[in-house]
Amino acid sequence: MEVVSVLFDMALIASAIRLTVPIVLAALGAVFSERGGVINIGLEGIMIMGTFFGAVGTLYGGPTVGVFAAVTAGVAFAAIHALVTITFRVDQIISGVVLNLLAVGLARFLNILLFGVATQSPGIGGFAPVSIPLLRDVPGLRPVATGISPLILVAILLVFVGQWVLVRTKFGLRLRAVGENPAAADTLGVNVYLMRYLGVLISGALAGMAGAYLAIEQGRGYLEGMTQGRGFIALAAMIFGNWWPIGALGASALFGYFDALSLRVVVLNVPHQFLNVLPHIVTILVLAGFVRRARPPAADGVPYTKGEES
Amino acid sequence: MSARLWLLQLSTPLLAILFGALVSSAIILAIGKNPLDVYTLMIRFNVTRADSIASILFKTTPLILAGLAVALSFRAALWNIGVEGQYYIGALCAAVVAFGVKGLPAVVHLPLTMAAAVIGGMAWALVPIALKLRRGAHEVITTIMMNHIAAATILYFLTDVLRDPTQVGTPRVRTPIFEPTARIPSMRGVLDAIGFQIPGYSSLNWLLPVGVALAIALYLLLSRTRFGYEVRAMALNPDAAEAGGIRIGRVQFTMFMLSGAVAGLVGLNDVLGFFGYLDIDFPKGLGFLGISIALLAKNNPLGVIPSALLIAFLDRGAQGVQVFAGVPREVITILQAVIILAIVVAYELLTRYVRNVRKREAGRVVAAAGPVLEPGG
């Protein structure tokens, strides 16, 4: 009984929501990239760039500047992936893996340059916390509705905007067409390269923002390795969410929950190392399709060449 | 024509390295240092100091193994990003056998220890490949998750289960010292005998020739055997291979397990060949370097040897420029990544160019042959 009340404790839910945000932002980015037909394994690296530039921007200009810097860095990093995979048609997995390696080195190098040490930045302050007007008056929901980061609200809003864009707008339709059948989209006059570039750049902006959230609201500074593989967990969340933003939100919430649970070391009598890997084990289980089968966009991961049979 | 293509093929890695050097020069200039001075220092530090050469060779051993492990999976169009975790578990299994089993002669104990490492690596590789073949889970993400789980597992065993009781109370978190019979012998004896005495050479151990021999053996396996043919056929066109009677799942499974087996050996150079215990600070990141090496080598087992040497050379040089020029060694990490990116782009462009040239030539042949095919008057 005690365990049950611990598992559904409001403070735990609040912490789960906070931990869901970086995963869902990156997962939303992954949705845009893969809907356009480009696998972005480099999300982890982009998130690392986001944590670093988020911290630096906040240090010099406050959290808003931090988010802006992280998004810019994310877009710039994603642009490399887009150039290499879309224009030069290099294998998307290779490019992503190399980007992740590059990000680790770059973050260490820049951190040494700015702060003299390789692995962490000075501490920073976050956004002023906000409360949700109506929900905060419901007694049971207080921990969830008060003192939260505005970025949480932005993230949730972005999920629904993302869903709307993909389903309802011309851009979303074109992006999905390019991910399903680029040759057909091409004959209808859709610029395949442009759409794919946009998808990847959007994923960079969102993964950068995810990194900024981690550094600004979660870590209060940049710390090497603070992403802890969340870029990959986000990819799993996207798959589990069936390549849709709202699906990705649900899946991310599941990961966020296990993440939060893993922080509750004391209540469960298990070595903490094993609780720490709970989100990673859940990721494997989800990918292994123990929960549901999903279908990726047909042209996902396939480079497109105009005028050549694939 | 074909001589020109050969030349192109050879010049691609060189061009990519040049491009990497240019990017690094920009970075070095940006931090107010002279790139030429830094490169000169790096090369002098590496080739004129005898202990540098020993150090480069010592670093090369695990890099060859890591590069081979990654290349084996890449050859089969599988992405084993999990070499990192596989070698942690390999080292952990080896350590248990190395200090836990006593009273065996070295000829039995050392092979047993190495076998434990191989089994550990394969066990860790089994999960992602089984889930891929059975349930369609993408191995890139599952292997990365397995890396995280491996890191936590090794931490747990080192701190809570296998920690040397005599070290409790000190900050040293390590296993008991291994039995001498489980250690990989130093190459010192042979090097002395042939008169190759350089400072620092005592760390060089017999795993280096083993790694080189393994590279050659795997090259032969992939280029000269029926199995190697099946791997190539499958990588080129899985559907055609399947139609031709090749059992794809089995080939993929075998290659991935081979990859995990080789990965299990990666940590042994330091653990069995140098320290003689498994320490919480044992070298990490070798699996990721293995990815760079496999890409540099275009997944050719023989190409892995010079690629590993290059990465080891850069790594040692990074130590030099950090100490003597005050340039952070991370510049070298960035350089590595940029070189790899440049190389894959260059390879891709080259392949496309070659394909176009061939197509044009084929077109010319057809055009030349055309009139003959026309029905004669």
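Remember, predicted model here, so these are calculated numbers, not experimental data.

Trainee: Quick rundown of the overall build of chain B? Include the residues and the values.
Mentor: The secondary structure content of chain B amounts to 15 helices and 0 strands. Overall, the C-alpha framework of chain B stretches about 100 × 55 × 40 Å when taken along its three principal axes. Here chain B holds 377 residues, and the buried ones make up 51% of them. Taking the intrachain contacts of chain B between residues at least 6 apart in sequence as the baseline, contacts between residues at least 24 apart amount to 75%. Looking at chain B as shown, the accessible area adds up to about 16800 Å², and 67% of this sits on carbon and sulfur atoms. Taking the 30 positively charged and 19 negatively charged side chains of chain B as two groups, their mean positions are separated by 5 Å.

Trainee: Help me get a handle on the overall build of chain A, residues and values and all.
Mentor: Of regular secondary structure, chain A possesses 14 helices and 0 strands. Tracing chain A from N to C terminus, the helices and strands come up as α-α-α-α-α-α-α-α-α-α-α-α-α-α. Its C-alpha atoms give chain A a radius of gyration of 19 Å, near enough to 19 Å, the size a compact globule of 310 residues would have. Dimensions of chain A along its principal axes, counting C-alpha atoms only, are 60 × 45 × 40 Å.

Trainee: Would you mind going over the packing of helix α8 (residues 207-224) of chain B against helix α9 (residues 226-236) of chain B in detail, with residue names and values included?
Mentor: Residue and element names in this part refer to chain B. Taken N-terminus to C-terminus, the directions of α8 and α9 make an angle of 70°; their axes are 5 Å apart at the nearest point. With respect to α9, the element α8 is oriented roughly perpendicular. Seen from α8, the contacting residues are Leu221, Leu222, Ser223 and Arg224; seen from α9, they are Arg226, Phe227, Gly228, Tyr229, Val231 and Arg232. For the contact of α8 with α9, the per-class residue count stands at 5 nonpolar, 2 polar and 3 charged.

Trainee: Any details on the nonpolar core? Residues and values, ideally.
Mentor: Of all hydrophobic cores here, the largest spans 202 residues; its most connected members are Leu268(B) and Leu278(B). In this structure Leu278(B) touches Ala91(B), Leu92(B), Ala95(B), Ile154(B), Leu158(B), Val173(B), Arg174(B), Thr175(B), Phe178(B) and Val271(B), once residues within four positions along its chain are discounted.

Trainee: Give me the confidence of the model for chain B: which residues, what numbers.
Mentor: Residue and element names in this part refer to chain B. Considering every residue of chain B, the mean pLDDT works out to 89; 97% of them sit at 70 or more. The least confident element of chain B is helix α15 (residues 330-373), whose mean pLDDT is 79; the most confident is helix α4 (residues 83-100), at 97. Predicted as a complex, the structure gets a pTM of 0.89 and an ipTM equal to 0.84.

Trainee: Summarise helix α3 (residues 43-61) of chain A; cite the residues concerned and give the values.
Mentor: Residue and element names in this part refer to chain A. Between the first and last C-alpha of α3 there are 25 Å, a value that for 19 residues agrees with the 27 Å anticipated at 1.5 Å per step. Across the 19 residues that make up α3, a large majority, 15, are buried. Looking one or two residues beyond α3, the residue adopting positive phi is Gly62, at roughly 90°.

Trainee: Explain unusual backbone geometry to me, and be specific about the residues and the numbers.
Mentor: Its identity as a non-glycine residue notwithstanding, Gln228(A) has a phi of 50°, on the positive side. Tracing the backbone through its elements, the reader meets Gln228(A) in the loop between α10 (192-219) and α11 (230-240). The phi dihedral of Lys298(B) is positive, around 50°, even though this residue is not glycine. With respect to the element layout, Lys298(B) can be found in the loop between α13 (286-296) and α14 (304-325).

Trainee: Summarise the interface of chain A and chain B; cite the residues concerned and give the values.
Mentor: Counting residues at the interface gives 41 residues for chain A, matched by 42 residues for chain B. Here chain A meets chain B over a buried area of about 3700 Å², counting both sides, of which 80% is carbon and sulfur. Contact with chain B buries surface across chain A, with Phe109(A), Gln273(A) and Ile284(A) losing the most and accounting together for 16% of the total. Counting every contact that joins chain A to chain B gives 1 salt bridge. For Glu330(B), the salt bridge identified is with Arg108(A), shortest N-O distance 2.7 Å. Between the two partners, chain A and chain B, sit 3 residue pairs in polar contact (both at pLDDT 80 or more). Elements with a contribution of two residues or more to the side of chain A that touches chain B: α4 (63-87), α5 (92-115), α11, α13 (272-276) and α14 (278-287) of chain A. With 12 residues, α5(A) is the single largest residue contributor to the side of chain A that touches chain B.

Trainee: Account for a nonpolar patch on the surface, naming residues and giving values.
Mentor: Residues and elements named next belong to chain A. Among the surface-exposed residues, Leu59, Tyr60, Leu113 and Leu114 lie close enough to one another that they form a single nonpolar patch of about 390 Å² accessible area. Relative to the helices and strands, Leu59 resides in helix α3. Taking relative accessible area as the criterion, Leu59 reaches 31% and is therefore assigned partly exposed.

Trainee: Kindly report on the packing of aromatic side chains, identifying the contributing residues and their values.
Mentor: In the structure shown here, the tally under the stated rule is 13 aromatic pairs over all chains. With centroids separated by 5.8 Å and ring planes inclined at 40°, the aromatic side chains of Phe275(B) and Tyr277(B) adopt a geometry described as tilted. Ring pairs connect the aromatic residues Phe58(B), Phe274(B), Phe275(B) and Tyr277(B), which therefore count as one cluster. When the ring centre of Trp244(A) is taken as origin, the NZ or CZ atom of Arg35(A), which lies over that ring, is 4.3 Å away. The lysine or arginine in question, Arg174(B), covers the ring of Tyr277(B), its NZ or CZ lying 4.6 Å from the ring centre.

Trainee: I'd like a description of empty space enclosed by the protein, backed by residues and values.
Mentor: Residues and elements named next belong to chain A. Within the structure shown, the criterion is met by 3 cavities of 30 Å³ or more. Along the walls of the largest cavity sit Val38, Thr85, Ile86, Arg89, Gln92, Tyr193, Arg196, Pro303 and Tyr304, which together make up its complete lining. Looking at the lining of the largest cavity, the elements that each hand over two or more residues are α4 and α10. Its residues assigned to classes, the lining of the largest cavity shows 5 nonpolar, 2 polar and 2 charged.

Trainee: I'd like a rundown of the environment of Phe288(B), residues and numbers included.
Mentor: On the secondary structure map, Phe288(B) appears in helix α13. Overall, the relative accessible area of 30% leaves Phe288(B) in the partly exposed class. Residues Phe288(B) and Ile81(B), 207 residues apart in the sequence, show an inter-C-alpha distance of 7.3 Å. The contact partners of Phe288(B), leaving out residues within four places of it in the chain, are Leu101(A), Ile81(B), Glu84(B) and Asn147(B).

Trainee: So what's going on with the pattern of salt bridges? Residues and values would help.
Mentor: Across all of its chains, the model carries 13 salt bridges over all chains by this definition. Salt-bridge contacts for Arg35(A) lead to Glu180(A); the nearest nitrogen and oxygen are separated by 4.0 Å. On the criterion of sequence distance, the pair formed by Arg35(A) in helix α2 (residues 10-35) and Glu180(A) in helix α8 (residues 170-180) is long-range, its members being 145 residues apart. Taking relative accessible area as the criterion, Glu180(A) reaches 27% and is therefore assigned partly exposed. Residues joined in a network through salt bridges with shared partners are Arg108(A), Glu224(A) and Glu330(B).

Cut-offs and rules
Residues numbered from 1 in each chain as written. Chains lettered and ligands numbered in written order. Predicted model: local features only at pLDDT ≥ 70, side-chain atom pairs only at ≥ 80, totals over all residues. Heavy atoms only, no water. Helix = DSSP H or I, 4+ residues; strand = E, 2+ residues; numbered from the N terminus. Buried < 20%, exposed > 50% of the residue type's maximum accessible area, 1.4 Å probe, protein only. Contact = heavy atoms within 4.5 Å. Areas by Shrake-Rupley, 256 points an atom, 1.4 Å probe, with all protein chains shown as cover. Lys, Arg positive; Asp, Glu negative; His and termini not counted. Charge placed at Lys NZ, Arg CZ, Asp CG, Glu CD. Rg over C-alpha atoms; globule rule 2.2 N^0.38 Å. Axes fitted to C-alpha atoms, helices over the stretch in contact; angles between N-to-C directions. Parallel < 35°, antiparallel > 145°, perpendicular 65-115°, else oblique. Nonpolar A, V, L, I, M, F, W, Y, C, P; charged D, E, K, R; others polar. Core = buried A, V, L, I, M, F, W, Y, C linked by side-chain atoms within 4.5 Å. pLDDT = per-residue confidence, 0-100. Expected span 1.5 Å × (residues − 1). Buried area = accessible area lost by both parts, 1.4 Å probe. Salt bridge = Lys/Arg side-chain N within 4 Å of Asp/Glu carboxyl O. Polar contact = N/O pair within 3.5 Å; in protein donor to acceptor, adjacent residues only side chain to side chain. Patch = residues over 30% accessible without salt bridge, like charges linked within 9 Å, V, L, I, M, F, W, Y side chains within 5 Å. Phe/Tyr/Trp six-rings, centres within 6.5 Å; stacked < 30°, edge-to-face > 60°. Lys NZ or Arg CZ within 6 Å of the ring centre and 35° of its normal. 1 Å grid on protein atoms, 1.4 Å probe; cavity = no way out; pocket = protein on both sides within 12 Å on 5 of 7 lines; lining within 4 Å. Points joined across faces, edges and corners; volume = space filled by probe spheres on them.

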